[in-house]
Amino acid sequence: MSEPLTDKAHIKAVKTAKSPKLVGVKGMNDILPPESARWEWLEAQVRGLMARYAYRNVRLPIVEPTALFVRGLGEVTDIVEKEMYSFEDRLNGEQLTLRPEGTAGLVRAVVERNLLYEGGKRLYYMGPMFRHERPQRGRYRQFHQIGAEVLGFGGAEVDAELILLANDLWKVLGLQDVRLELNSLGQPAERQAHRAALIAHLENHRDVLDEEAQRRLHSNPLRILDTKNPVMQSVVEAAPRLLDFLGEASLAHFNAVKAILDANGVAYSINPRLVRGMDYYNLTVFEFITARLGSQGTICGGGRYDYLVEQVGGKPSPAVGWALGVERVLELIKEQGEALPDLAPDVYAIIPETADLPVAMQVLQALRAQGVSAQMHAGSGEGMGSMKSQFKKADGSGARFALVFGAEELARGQVAVKSLRDGEGAQRTEPLNTVAEWAHSLQSPL
Ligand code: ATP
Ligand code: MG
């Protein structure tokens, strides 16, 4: 590794570089129209649903102290070991990290702002996360999560509520082929007992453990159960199950979650090997998985994390939540062949003469105030262009109507309204001074 460039040296290197072309960072995507319309649509569905469950939105910093993730997620995790974008603040030497997930920052904010003072909280967030992974379909270096978190309540009913919420979201979004896997990780003492049995089992099969598993054997053996290495599958399948080590209270919690899901017709399967990427989980853990996206099929994961608030320096407080991967959900929607949301404006304004722009734009403002979406023809800077070229643009925009601000109509205090789609009637004129009365006739039915 070479020394990091100082600002000045980097600026100099940039200025003397041969290639003038700059490209974005690998694994970080530009989200552009028309695809961005799907994002906006999804976000609107999420906001609506969160409101129906009375979850409130939080917007948190993208940069947090590195220590938050080391302490919160656990040192021996994929994220902390190899995926974080960490750097030193040039000015004060602080160790900082681009957030790789949202839960730790949210818990930090809840503790710092004493949000649990007046009782539990139901919160959600949306935004970019950063992990230095090998980019591939469904796996990016900047990706986006939507997360829902409930803090301050220890009962199984909030675990179930969160699962019902996610399940409703799949319905609202029209997702097909999503299945739910459930497990319980129990409590620390139960995990301790299981851990000893697990290590003993894995040690008996040391010869088939890969390098990573060898390394985690004593630091984080539970994560070995999560391996994708085919050579280790049979050893992992024969390993002692954490579920068999759960005490009465943990089992009762798990059964209570299941009973609520059963009563609400939510199908699930128990996966005793389901563990999660972060150390902070206990009791209920779950994932929503689709078979349609290959090996990046987990669209949402979550669980209970009753010890994280304390870990981050707060008064002990139970918590549970999930996070979904927006790119993967959208890829599934695309995979299902859903059409893109219609971006066409209601009207396209054709303005033959530059001199008529002020009055035409006044009319467009009045239309927009009535909720009509109006796209104005924009000229080259040397005039507005021929009627023919303007009509071509109008057709290309997909608008239902062209508004033609011709000199003759304007002289009579009118504008021509011309249907751009077949079968919607011929041309008509409307008065310029009663826009509110006819604006709605231009709007597409919802
Ligand atoms: P995976 O096993 O696929 O690496 P994970 O366990 O690391 O997932 P979580 O930390 O639980 O993932 O994040 C929740 C969700 O965020 C995942 O289920 C997935 O949909 C999405 N996600 C995680 N990492 C990425 C990534 N690098 N690119 C795109 N989406 C991601
Ligand atoms: Mg991962």
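This one's a predicted model, so the numbers in the text were calculated from it and none came from an experiment.

Trainee: Looking at this structure, I do not really get the layout of surface pockets. What am I missing?
Mentor: Empty space among the atoms becomes visible once a probe the size of a water molecule is rolled across them. Here the second largest pocket defines a volume of roughly 540 Å³. Lining the second largest pocket are 28 residues, with Arg191, Asn220, Leu222, Asp279 and Tyr281 sitting closest to its centre. A per-element tally of the lining of the second largest pocket places helix α7 (residues 188-204) first, with 6 residues. Of the residues that constitute the lining of the second largest pocket, the class distribution is 14 nonpolar, 8 polar and 6 charged.

Trainee: What is the right way to look at the sheet that holds strand β13 (residues 374-376) in this model?
Mentor: The pairing of strands in a sheet happens through backbone hydrogen bonds and is either parallel or antiparallel. Across the sheet, which stays open at both edges, the 5 strands sit in the order β13-β12-β14-β15-β16 with mixed pairing between neighbours. Looking along the sheet, the strands with just one partner apiece sit at the ends: β13 and β16 (428-431). Going from strand to strand, the sheet's axes swing by 30 degrees on average, the running direction of each strand aside. Looking at chain direction, strand β12 (residues 347-350) and β13 are connected through 3 bridges and run parallel. Following the sheet pairing, Ala349 is matched in β13 by Met376. Against the sheet, helix α13 (residues 357-369) engages β12, β13 and β14 (401-404), with an angle of about 160 degrees to β13. In the packing of helix α14 (residues 387-397) onto the sheet, contacts are made with β12, β13, β14 and β15 (414-419), and the angle to β12 comes to roughly 170 degrees.

Trainee: Which parts of the structure should I look at to understand the nonpolar core?
Mentor: Side chains of nonpolar character tend, in soluble globular proteins, to be buried together. Core analysis: the biggest nonpolar cluster contains 44 residues, and Leu73, Leu151 and Tyr305 have the highest contact counts within it. With 4 residues, the top contributor of residues to this core is helix α5 (residues 103-112). Among all residues touching Tyr305, those that are not within four sequence positions of it are Thr103, Val107, Glu149, Leu151, Tyr280, Tyr281, Asn282, Ala319, Val320 and Gly321. Core analysis: the next-biggest nonpolar cluster, separate from the first, contains 42 residues, Tyr55, Ala156, Ala166 and Val329 among them.

Trainee: Even after reading the chapter, I still don't get the site of ligand 1, so can you show me in this structure?
Mentor: Arg131, Glu133, Arg139, Arg276 and Thr298 are the nearest of the 16 residues found near ligand 1. One of the backbone N or O atoms of Thr298 is found 2.9 Å from an oxygen atom in ligand 1. Separating an oxygen atom of ligand 1 from a side-chain N or O atom of Arg328 is a distance of 3.1 Å. When the free accessible area of ligand 1 is taken as 580 Å², the share hidden by the protein chains comes to 89%. When residues of the shell around ligand 1 are traced back to their parent elements, those giving at least two are β6 (142-151), β10 (298-304) and β11 (319-325). For the shell around ligand 1, the element with the most residues is β10, which contributes 3 residues. When grouped by side-chain class, the residues that make up the shell around ligand 1 number 6 nonpolar, 4 polar and 6 charged.

Trainee: Can you walk me through the packing of helix α6 (residues 156-173) against helix α10 (residues 248-263) in this structure?
Mentor: The description of two helices packed together rests on the angle between their axes and the distance between the axes. Packing of α6 against α10 leaves a shortest axis separation of 8 Å and a crossing angle of 40 degrees. It follows that α6 is oblique to α10 by the angle criterion. Here α6 and α10 pass one another in a crossing that is right-handed. Across the interface between the two elements, Ala156, Glu157, Asp159, Ala160, Ile163 and Leu164 from α6 touch His253, Ala256, Val257, Ile260 and Leu261 from α10.

Trainee: Any chance you could explain the packing of aromatic side chains here in plain terms?
Mentor: In this description, a pair of aromatic rings is defined by centroid distance and the angle of the planes. Under the defined criterion, the tally for this structure stands at 5 aromatic pairs. Summarising the aromatic geometry, the rings of Trp170 and Phe288 are spaced 5.4 Å apart at their centres and angled 75 degrees between planes, so their arrangement reads as edge-to-face. Residue Trp170 is found in helix α6, and its partner Phe288 is found in strand β9 (residues 282-290); the two are separated by 118 residues along the sequence. Phe288 matches Trp170 in its accessibility class, with the two residues each being buried. Judged by centre distance (6.2 Å) and plane angle (75 degrees), the rings of Phe286 and Phe288 are edge-to-face. For Phe286, a relative accessible area of 0% translates into the label buried. Clustering of aromatic rings is evident, with ring pairs tying together Trp170, Phe286 and Phe288. Positioned above the aromatic ring of Phe401 is the side chain of Arg428, whose terminal nitrogen or guanidinium carbon lies 5.9 Å from the ring centre.

Trainee: For this particular structure, what's the right way to read the pattern of salt bridges?
Mentor: Charged atoms that come close allow side chains of opposite charge to pair. All chains considered together, the criterion is met by 27 salt bridges. Taking the shortest distance from any N to any O, the salt bridge between Arg215 and Glu81 comes out at 2.9 Å. Taken together, the positions of Arg215 in helix α8 (residues 211-216) and Glu81 in helix α4 (residues 78-83) put the pair 134 residues apart, joining distant regions of the chain. A relative accessible area of 46% places Arg215 in the partly exposed class. Here the residues in one salt-bridge network are Asp78, Glu81, Lys82, Glu212, Arg215, Arg216, Arg223 and Asp226, joined through shared partners.

Trainee: How should I be thinking about helix α12 (residues 326-335) in this particular structure?
Mentor: Counting along an α-helix, one turn takes 3.6 residues, and residues three or four places apart therefore face a common direction. Of all 10 residues in α12, 8 are buried, a share of seventy percent or more. Taken residue by residue, α12 has Val326, Glu327, Arg328, Val329, Leu330, Glu331, Leu332 and Ile333 as its buried positions.

Trainee: Looking at this model, I keep getting lost on the domain arrangement of the chain. Mind explaining?
Mentor: Accessible area lost upon the coming together of the parts serves often as the stated size of an interface. Parsing the chain into structural domains produces domain 1 (35-186 + 246-335) and domain 2 (347-442). Averaged C-alpha coordinates put domain 1 and domain 2 at centres separated by 48 Å.

Calculation notes
- Numbering of residues starts from 1 in each chain and follows the order in which that chain's sequence is written.
- Starting at A for chains and at 1 for ligands, labels are handed out in the order in which the entities are written.
- Restriction of local features to residues with pLDDT of at least 70 applies here, the model being predicted, together with a cutoff of 80 or more for giving and counting side-chain atom pairs; totals for whole chains, interfaces and linings are based on all residues.
- Hydrogen atoms and water are omitted, and side-chain values are computed over all heavy atoms in the structure.
- Note on definitions: the grid is 1 Å and covers protein atoms alone; a cavity is a set of points where a 1.4 Å probe fits but cannot get out; a pocket is an open set with protein on both sides within 12 Å along at least five of seven lines; lining residues have an atom within 4 Å of a point.
- Grid points are joined across faces, edges and corners, and a volume is the space filled by probe spheres set on the points.
- Helix and strand labels come from DSSP, where a helix needs a run of H or I of at least four residues and a strand needs a run of E of at least two; each type is numbered from the N terminus.
- When residues are grouped by polarity, Ala, Val, Leu, Ile, Met, Phe, Trp, Tyr, Cys and Pro land in nonpolar, Asp, Glu, Lys and Arg in charged, and all others, Gly among them, in polar.
- What makes two strands pair is DSSP finding at least two bridges between them.
- Every axis corresponds to a line fitted to the C-alpha atoms, with the helix fit spanning only the stretch in contact, and the corresponding angles, defined between N-to-C directions, vary from 0 to 180 degrees.
- Should any heavy atoms of two residues lie within 4.5 Å, those residues are counted as being in contact.
- Put simply, a nonpolar core is a bunch of buried Ala, Val, Leu, Ile, Met, Phe, Trp, Tyr and Cys residues held in one set by side-chain atoms that sit within 4.5 Å of each other.
- With a 1.4 Å probe rolled over the protein chains alone, any residue whose accessible area is under 20% of its type maximum counts as buried; one over 50% counts as exposed, and the rest are partly exposed.
- We call a residue near a molecule or strand when any one of its heavy atoms sits within 4 Å of it.
- Side-chain atoms alone can form a polar contact between residues adjacent in sequence; in general such a contact is a pair of N or O atoms within 3.5 Å, and within protein one must be able to donate a hydrogen while the other accepts it.
- Each accessible area is a Shrake-Rupley estimate made with a 1.4 Å probe; only the visible protein chains count as cover when residues are assessed.
- To sort the angles, those under 35 degrees are grouped as roughly parallel, those over 145 as roughly antiparallel, those from 65 to 115 as roughly perpendicular, and the leftovers as oblique.
- Here is the rule for handedness: rotate from the far helix to the near one, and if that takes an anticlockwise turn smaller than a right angle the crossing is left-handed, while a clockwise turn gives right-handed.
- What counts as a ring pair is set by centres within 6.5 Å for rings of Phe, Tyr and Trp (its six-membered ring), and what kind of pair is set by the plane angle: stacked under 30 degrees, edge-to-face over 60, tilted for all other angles.
- Placement of a charge over a ring requires the Lys NZ or Arg CZ to be within 6 Å of the ring centre, with the centre-to-atom vector within 35 degrees of the ring normal.
- When a carboxyl oxygen of Asp or Glu lies within 4 Å of a side-chain nitrogen of Lys or Arg, that pair is called a salt bridge.
- Source of the domain bounds: an automatic or database domain assignment.

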